[in-house]
Amino acid sequence: MYFCSMNHHLIAPSILAADFSNLGRAVEMLNRSQADWIHVDVMDGHFVPNISMGFPALKAIRLNSTLPLDVHIMFEQPALWIQRFADAGAYSLSIHAEASLNLEEDINHIHDAGMKAGIALNPDTPLSRVQHVLMQADMILIMSVNPGFGGQSFKSGTFEKVKQLKAMLDVNHHETLIEVDGGVDAANARKLLDAGADVLVAGSSIFKAADAVKMIKTLKELSSDNLTDH
Ligand code: DX5
Ligand code: ZN
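Residues numbered from 1 in each chain as written. Chains lettered and ligands numbered in written order. Predicted model: local features only at pLDDT ≥ 70, side-chain atom pairs only at ≥ 80, totals over all residues. Heavy atoms only, no water.

Engineer: How do you make sense of the overall build of the protein chain when you look at a structure like this?
Structural biologist: For the protein chain, the helix and strand inventory stands at eight helices and eight strands. Computed over C-alpha atoms, the radius of gyration of the protein chain comes to 16 Å, within 12% of the 17 Å expected from 2.2 N^0.38 for 230 residues, which places it in the range of a compact globule. For the protein chain, the spread of C-alpha atoms along the three principal axes comes to 45 × 45 × 30 Å. Going through the 230 residues of the protein chain one by one, you find that 56% of them count as buried. (Helix = DSSP H or I, 4+ residues; strand = E, 2+ residues; numbered from the N terminus. Rg over C-alpha atoms; globule rule 2.2 N^0.38 Å. Buried < 20%, exposed > 50% of the residue type's maximum accessible area, 1.4 Å probe, protein only.)

Engineer: It is not clear to me how the coordination of the zinc ion (ligand 2) should be interpreted in this structure. Could you clarify?
Structural biologist: Coordination angles at a metal have ideal targets, namely 109.5 degrees for four tetrahedral donors and 90 or 180 degrees for six octahedral donors. The protein atoms that coordinate the zinc ion (ligand 2) are His39 (NE2), Asp41 (OD), His72 (ND1) and Asp181 (OD), at distances spanning 2.0 to 2.2 Å. Around the zinc ion (ligand 2) sit six donor atoms, and with donor-metal-donor angles ranging over 69 to 169 degrees the site reads as octahedral. Every donor residue of the zinc ion (ligand 2) comes from the same chain, spaced as H-x1-D-x30-H-x108-D. Placement of Asp41 in strand E2 (residues 38–43) and of Asp181 in strand E7 (residues 177–181) is noted, with a sequence separation of 140 residues between them. Residue class for Asp181 comes out buried when judged on its relative accessible area of 6%. (Donors = N, O, S within 2.8 Å, 3.2 Å for Na, K, Ca; no water. Tetrahedral: all angles 85-135°; square planar, octahedral: opposite > 155°, others 65-115°.)

Engineer: Where do I start with the site of ligand 1 in this structure?
Structural biologist: Taken together, 20 residues are adjacent to ligand 1, and Asp41, Gly148, Asp181, Gly203 and Ser204 come closest. Contact with the protein chains removes 99% of the 380 Å² of surface that ligand 1 exposes when unbound. Contributing elements (two or more residues each) for the shell around ligand 1: E2, strand E3 (69–74) and strand E8 (199–202). It is E2 that provides the largest number of residues to the shell around ligand 1, a total of three residues. (Near = heavy atom within 4 Å. Areas by Shrake-Rupley, 256 points an atom, 1.4 Å probe, with all protein chains shown as cover.)

Engineer: I keep staring at the sheet that holds strand E1 (residues 10–13) and nothing clicks. Help me out?
Structural biologist: Think of a sheet as strands paired side by side through backbone hydrogen bonds, with each pair either parallel or antiparallel. Pairing is parallel in the open sheet, where eight strands are placed in the order E1-E8-E7-E6-E5-E4-E3-E2. The two strands at the open ends of the sheet, each matched to only one other strand, are E1 and E2. Averaged over all neighbouring strand pairs, the angle between strand axes comes to 25 degrees, with direction disregarded. Of the pairings in the sheet, the one linking strand E4 (residues 92–96) to strand E5 (residues 116–121) comprises five bridges and is parallel in character. (Pairing = 2+ DSSP bridges. Axes fitted to C-alpha atoms, helices over the stretch in contact; angles between N-to-C directions.)

Engineer: How do you make sense of the nonpolar core when you look at a structure like this?
Structural biologist: One recurring pattern in soluble globular proteins is that nonpolar side chains are buried together. The biggest cluster of nonpolar side chains holds 67 residues, and the ones touching the most others in it are Ile15, Val71 and Phe85. Those residues in contact with Val71, other than ones at most four positions away along the chain, are Val40, Val42, Leu58, Phe85, Ala90, Ser92, Leu93 and Ser94. Within the second largest apolar cluster, seven residues are counted, among which are Leu10, Trp37, Met139 and Val199. (Core = buried A, V, L, I, M, F, W, Y, C linked by side-chain atoms within 4.5 Å. Contact = heavy atoms within 4.5 Å.)

Engineer: Explanation requested: helix H8 (residues 212–220) in the structure shown.
Structural biologist: Three or four residues apart is the spacing at which side chains of an α-helix point the same way, because the helix has 3.6 residues per turn. Turning to H8, its buried residues number three or more, namely Ala212, Ile216, Leu219 and Lys220. Relative to the axis of H8, the buried residues are bounded by an arc of 95 degrees and lie together on one face. Buried residues along H8 sit in contact with E1, helix H1 (23–31), helix H6 (189–195), E8 and helix H7 (204–207). The opening residue of H8 is Asp211, an N-cap whose side-chain oxygen sits 3.2 Å from the backbone nitrogen of Val213. (Arc of directions from axis to C-beta. Polar contact = N/O pair within 3.5 Å; in protein donor to acceptor, adjacent residues only side chain to side chain.)

Engineer: Would you take a moment to explain the environment of Met139 for this structure?
Structural biologist: By secondary structure assignment, the location of Met139 is in strand E6 (residues 139–143). Looking at Met139, the relative accessible area reads 0%, which means it is buried.

Engineer: What exactly am I supposed to notice about the pattern of salt bridges here?
Structural biologist: All told, the structure shown has four salt bridges when counted by the stated rule. The closest approach of N and O atoms between Lys166 and Asp170, which form a salt bridge, is 3.8 Å. Of this pair, Lys166 and Asp170 are both found in helix H5 (residues 158–171), four residues apart, which corresponds to roughly one turn of the helix. (Salt bridge = Lys/Arg side-chain N within 4 Å of Asp/Glu carboxyl O.)

Engineer: What should I look at first to understand the packing of aromatic side chains in this one?
Structural biologist: Ring pairs (aromatic) are described by centroid distance and by the angle formed between their planes. Evaluation of the coordinates by the stated rule reveals six aromatic pairs. Here Phe55 and Phe85 contribute two aromatic rings whose centre-to-centre distance is 4.8 Å and whose plane-to-plane angle is 50 degrees, an arrangement assigned as tilted. Pair noted here: Phe55 is in helix H2 (residues 55–64) and Phe85 is in helix H3 (residues 82–87), with a separation of 30 residues, a long-range link. Each member of the pair Phe55 and Phe85 is classed as buried. Measuring from ring centre to ring centre gives 5.8 Å for Phe75 and Phe85, while their planes differ by 70 degrees; the resulting arrangement is edge-to-face. Linking Phe75 in the loop between E3 and H3 with Phe85 in helix H3, this pair joins segments that are ten residues apart in sequence. The aromatic ring of Phe159 is capped on one face by Lys191, whose charged end is 4.3 Å from the ring centroid. (Phe/Tyr/Trp six-rings, centres within 6.5 Å; stacked < 30°, edge-to-face > 60°. Lys NZ or Arg CZ within 6 Å of the ring centre and 35° of its normal.)

Quick look at the structure:
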């Protein structure tokens with residue numbers, strides 16, 4: 001249902017920006033919002049200079065949420081961890097192209113474990129790094145900040161990168177989704193959708209809003225009817 005050509009974009013709030021002392025409340029808020037997925041950022045302290053959360057937190061979110069978990073792992077050697085994330089209840093697993101030793105093998109492995117496969121690209125990593133797996137992957141995650149921390153400002157070069165990826169996908173009618181992650185807010189979301197984004201990840205803009213449910217609604221209801229290329 002989610003990974004097919006869509007008329008409507010998806011909103012994936014990043015739980016990293018939630019108040020971790022009230023994680024249950026944050027998950028409950030997302031359950032009753034218009035969020036489509038919960039984006040969960042997991043960091044290894046090597047691929048990125050930060051650590052976020054691990055399996056106990058992920059399992060707790062899984063138990064308390066009705067939404068699919070869109071897990072983004074910022075890990076060296078992601079292959080070693082694929083099955084563990086499947087066991088913890090991930091719906092989709094995005095690994096970094098910069099860290100994977102063999103993208104085709106890792107995507108197969110993710111699929112065999114029963115998850116959708118995403119490939120994430122850092123802002124400075126060219127699209128050519130994923131050209132050979134565009135059809136095999138379910139999603140390409142375009143980072144619009146350097147990974148490792150929430151709350152950074154959006155890199156405007158992302159618009160062009162998304163447009164180029166969209167054009168590459170359109171050539172062969174690939175149904176691979178384009179997800180954008182980092183510094184996404186109500187000010188840049190429309191332009192990202194116009195460029196071809198299918199899934200918007202937003203952390204700070206949602207959780208720091210006075211009314212998070214309303215902010216999710218705002219992002220969700222940016223109407224695709226008004227978009228030129230959808
Ligand atoms: C950064 C993470 C992002 C981040 C998004 O390493 O991958 O998902 O949490 O948060 P904001 O929207 O605050 O940039
Ligand atoms: Zn992320």
